[in-house]
Amino acid sequence: MVDKSPSPSRYIEDLLAGQMRARSLAIAHRLGLFAALADRTCEVTELSNTLGVHVTGLRKLLATLETMELVGRSGDGYELTEIARHSLIGRNAQSFGEFVDFFTDQFESKPISLLLNHLRIGGPVRPATTPDQWRHYMAAMDRMAHLSADRIAQAMQLDRDQTLLDLGGGPGLYAIAACNRYPHVNATILDLDDALHFAHQNISDARLADRIRLRPGSVTDGSYGGPYDVILLSHTIHLFDERTVQRIFSACHTALGVDGRLVVRDLFTDGGRTQPALGSLVAFHMWNEGDAYSVPQTTGLLVNAGFQPPRHVQFRDEQDPEILGSLLISRKTDSTST
Ligand SMILES: C[S@@+](CC[C@H](N)C(=O)[O-])C[C@H]1O[C@@H](n2cnc3c(N)ncnc32)[C@H](O)[C@@H]1O
């Protein structure tokens, strides 16, 4: 049998090329190249005029995109491949372009020197700060919600509940999906002011201002109001260290009514912390003060805070991106052990 595995040097070369591929994707997306080719085949000079860039550089960029199977040639022109058409333009089921901007912001604001310093001396590593970064951040969360909010609303099973708190609710689309699915539910979204600005717009577009309340604040303050029937913590615990997550879970226990449920959604890894692989990658590159928590570790923190061992609900299917994560759903026990 012929051994088709790459040599060690080819393997390392390919890992390094991965960074260049990601940068080509980011630059083409920022330039608007995919949008410019959305419904036409374009010759290089015409494309360079549309995008306002030099032909020489553009030819090289297009060649990289061709190797990545995002554009193809048709005669003298370039056109999008099916993958690019489905994942990088418009808002169809597989579109994922918002994540290109969001990930790119993360890499630009966290150069390797900064990550090295963080490894050596610890401390915070710049969250989103500029208005553009907030817009990209919330647009990516918005996109993820379009792929998953209805499924999460269904998995939360709020048929007999009245009140939902969405902690770190971002653009508000989980609260909106829950209120749409369960007409008897009222929701509260607690988040930082910068995020609530986006939630406010979405709630007003959905005409749900009378059922969804915005509560500016920090999840680390530990005072969430209540009592609530259900608390959702979607893609938020990964921002915080383990001690803070423990305090947040305990504060959730306090804010829940009798028999209340906590639904934690995240990119949970296995006990070895390597699967899904994206979990270990984003934990190191993006979630510097937090982590991609494993299912056993999060279960331990929930039980310590006074919750029953959670059910692990996989709500995404094989076609979905890994970043959608999974859910841990726990019911409150009567008293805390912490
Ligand atoms: C990764 S986003 C997830 C947003 C939303 N829950 C979702 O699943 O799409 C994390 C959210 O936590 C919010 N956040 C970060 N630090 C926070 C804090 N200290 N207090 C409250 N919210 C915070 C961010 O503003 C953002 O909306």
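Note that the structure is predicted; figures quoted are calculated from it, not measured. Residue numbering note: each chain is counted from 1, following its sequence as written. Where local features are concerned, this predicted model is filtered to residues with pLDDT of at least 70; where side-chain atom pairs are given and counted, the filter is 80 or more; whole-chain, interface and lining totals use all residues. Water and hydrogen atoms were dropped before computing side-chain values, which therefore reflect all heavy atoms in the structure.

K.L.:
Help me understand the overall build of the protein in this model?
P.N.:
Scanning the protein for helices and strands turns up 13 helices and ten strands. In this treatment the radius of gyration is a C-alpha quantity, and the globule benchmark scales as 2.2 Å times the residue count to the 0.38 power. Over its C-alpha trace the protein gives a radius of gyration of 22 Å, about what one expects of a compact globule, namely 20 Å for 338 residues. Only protein chains enter the accessibility calculation, which uses a 1.4 Å probe; a residue is then buried when its area is under 20% of its type maximum, exposed when over 50%, and partly exposed in between. Counting all 338 residues of the protein, 48% fall into the buried class. Surface accessibility follows the Shrake-Rupley procedure with a 1.4 Å probe radius. Residue values consider only the protein chains on display as shielding. For the protein, the accessible area works out to roughly 17,600 Å², and carbon and sulfur atoms hold 53% of it. Charged side chains in the protein number 32 positive and 40 negative. The centres of these two groups are separated by 2 Å. Counting from the N terminus, the helices are the DSSP runs of H or I reaching at least four residues and the strands are the DSSP runs of E reaching at least two. The charged-residue count follows a simple rule in which Lys and Arg add positive charge and Asp and Glu add negative charge, with His and chain termini not counted at all. Here the site of a charge means NZ on Lys, CZ on Arg, CG on Asp, or CD on Glu.

K.L.:
Looking at this model, I keep getting lost on the UniProt feature "domain: O-methyltransferase dimerisation" (unreviewed entry) in the protein. Mind explaining?
P.N.:
UniProt positions are given in the numbering used here, feature names are shortened, and annotations may be inferred rather than shown by experiment. Sites flagged by UniProt as "domain: O-methyltransferase dimerisation" (unreviewed entry) map to residues 15–85. In the segment residues 15–85, helix accounts for 65% and strand for 14%; the C-alpha atoms at its two ends are 26 Å apart.

K.L.:
Even after reading the chapter, I still don't get the pairing of strand 10 (residues 326–331), so can you show me in this structure?
P.N.:
For a regular strand, the rule is simple: side chains alternate between the two faces of the sheet. Buried residues dominate strand 10, accounting for five of its six residues. One requirement defines pairing of two strands: DSSP has to find at least two bridges between them. Pairing analysis gives six bridges linking strand 8 (residues 256–266) to strand 10, with the strands arranged antiparallel. Across the sheet, residue R265 finds its bridge partner in strand 10, namely L327. Judged from the three bridges that link them, strand 9 (residues 311–313) and strand 10 form a sheet pairing that is antiparallel. Note that in strand 10 the partner of H312 across the bridge is L328.

K.L.:
Before we go on, may I ask you to explain the sheet that holds strand 3 (residues 77–80) in this structure?
P.N.:
By way of backbone hydrogen bonds, the strands of a sheet pair with one another, either parallel or antiparallel. Across the sheet, three strands lie side by side as 1-3-2; this open sheet has antiparallel pairing. Both edges of this open sheet fall to strand 1 (42–43) and strand 2 (71–74), since each of them pairs with a single strand only. Of the pairings in the sheet, the one linking strand 1 to strand 3 comprises two bridges and is antiparallel in character. Across the sheet, C42 pairs through a bridge with Y78, a residue of strand 3. It only takes one pair of heavy atoms within 4.5 Å for two residues to be counted as in contact. Axis definition: a line fit to C-alpha positions, over the contact stretch in the case of helices; interaxial angles, taken between N-to-C directions, run 0 to 180 degrees. Each of strand 2 and strand 3 touches helix 4 (residues 55–67); the most contacted strand, strand 2, lies at about 105 degrees to it.

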